[in-house]
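# Architecture and fold: a report
Listed here are the chains, written in short residue letters.
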Amino acid sequence: MTNPSNIVATIALDAPARADQRVWAFDYVDGFGRPASGILVRLSGDAEATEYRAYRNLCPHWSMPLDGGTGEFLDDSGHLIQCKMHGARFEIDTGECILGPCDGEYLEELRVELSADGTSATIRRGGGLRLG
């Protein structure tokens, strides 16, 4: 049985205005009751893709929001998450920093559960544990 208290957001994926959207930002309350923000990213640029990852919107280097308040999270290529503060780049599918001052560190992952019909994503605390 899943714990409903660890749900941080539910995001509608099927709205017509979102057909080409690849990143969704959301606000939530972390496990300590503090305001936090996160991002949901579709792994492929293809609107029919069904794989998503969610991360806390916080760079592991300086604990600053990845988008710097711009609402833009991907680099110019659209293949990596980019920290606007110092240019660190992160793999979308793993959250690993592959370029920048936090090389080898990971974004804090949140768990994504898609609805059976694929029209919404429920985001929960307690993503995958990264060691190393």
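The text that follows walks through the structure, step by step, so that each part is easy to find. (Residues numbered from 1 in each chain as written. Predicted model: local features only at pLDDT ≥ 70, side-chain atom pairs only at ≥ 80, totals over all residues. Heavy atoms only, no water.)

## Digging into the environment of C102
Selection criterion: Note on conventions: DSSP H or I runs of at least 4 residues are helices, E runs of at least 2 residues are strands, and numbering of each starts at the N terminus. Each residue's exposure class comes from its accessible area (1.4 Å probe, protein chains only) as a fraction of the maximum for that residue type: buried when under 20%, exposed when over 50%, partly exposed otherwise. Contacts are residue-level and defined by heavy atoms, with any inter-residue pair within 4.5 Å sufficient.
Within the secondary structure layout, C102 lies in the loop between β7 (97-99) and β8 (109-114). Residue C102 is classed as buried on the basis of its relative accessible area of 1%. In this structure the C-alpha to C-alpha distance between C102 and A88, which are 14 residues apart in sequence, comes to 7.1 Å. Once residues lying within four places of it in the same chain are set aside, the contact partners of C102 are C59, P60, H61, A88, F90 and C97.

## Some remarks on the environment of H79
By the secondary structure assignment, H79 is in the loop between β4 (52-56) and β5 (80-82). By relative accessible area, which is 57% here, H79 ends up exposed. Sequence spacing of H79 and R89 is ten residues, and the spatial spacing of their C-alpha atoms is 9.6 Å.

## Topic: a nonpolar patch on the surface
Threshold: Nonpolar side chains (Val, Leu, Ile, Met, Phe, Trp, Tyr) are joined into patches within 5 Å and like charges within 9 Å, using only residues with over 30% relative accessible area and no salt bridge. For every accessible area listed, the method is Shrake-Rupley and the probe measures 1.4 Å; residues are considered covered only by the protein chains on display. Salt bridges are identified by distance alone: a Lys or Arg side-chain nitrogen within 4 Å of an Asp or Glu carboxyl oxygen.
A surface patch of nonpolar side chains, amounting to about 320 Å² of accessible area, comprises W62, M64 and M85. Inspection of the secondary structure puts M64 in the loop between β4 and β5.

## Overview of the sheet that holds strand β1 (residues 7-12)
Put simply, the rule reads: By this definition, two strands are paired if DSSP reports at least two bridges between them. Note on method: axes are straight lines fitted to C-alpha atoms, helices fitted across the in-contact stretch only, with angles between N-to-C directions ranging 0 to 180 degrees.
Across the sheet, which stays open at both edges, the six strands sit in the order β1-β9-β8-β4-β3-β2 with antiparallel pairing between neighbours. Unpaired on one side and paired on the other, β1 and β2 (23-29) mark the two borders of the sheet. For this sheet, the mean inter-axis angle between neighbouring strands, taken without regard to orientation, is 25°. Two strands pair when backbone bridges link them, and β8 and strand β9 (residues 120-124) are joined in this way by four bridges, in the antiparallel orientation.

## Brief notes about the sheet that holds strand β6 (residues 89-91)
Pairing in this open sheet of three strands is antiparallel, and the strands run β5-β6-β7 from one edge to the other. The two strands at the open ends of the sheet, each matched to only one other strand, are β5 and β7. Strand-to-strand, the axes of this sheet are offset by a mean angle of 40°, without reference to chain direction.

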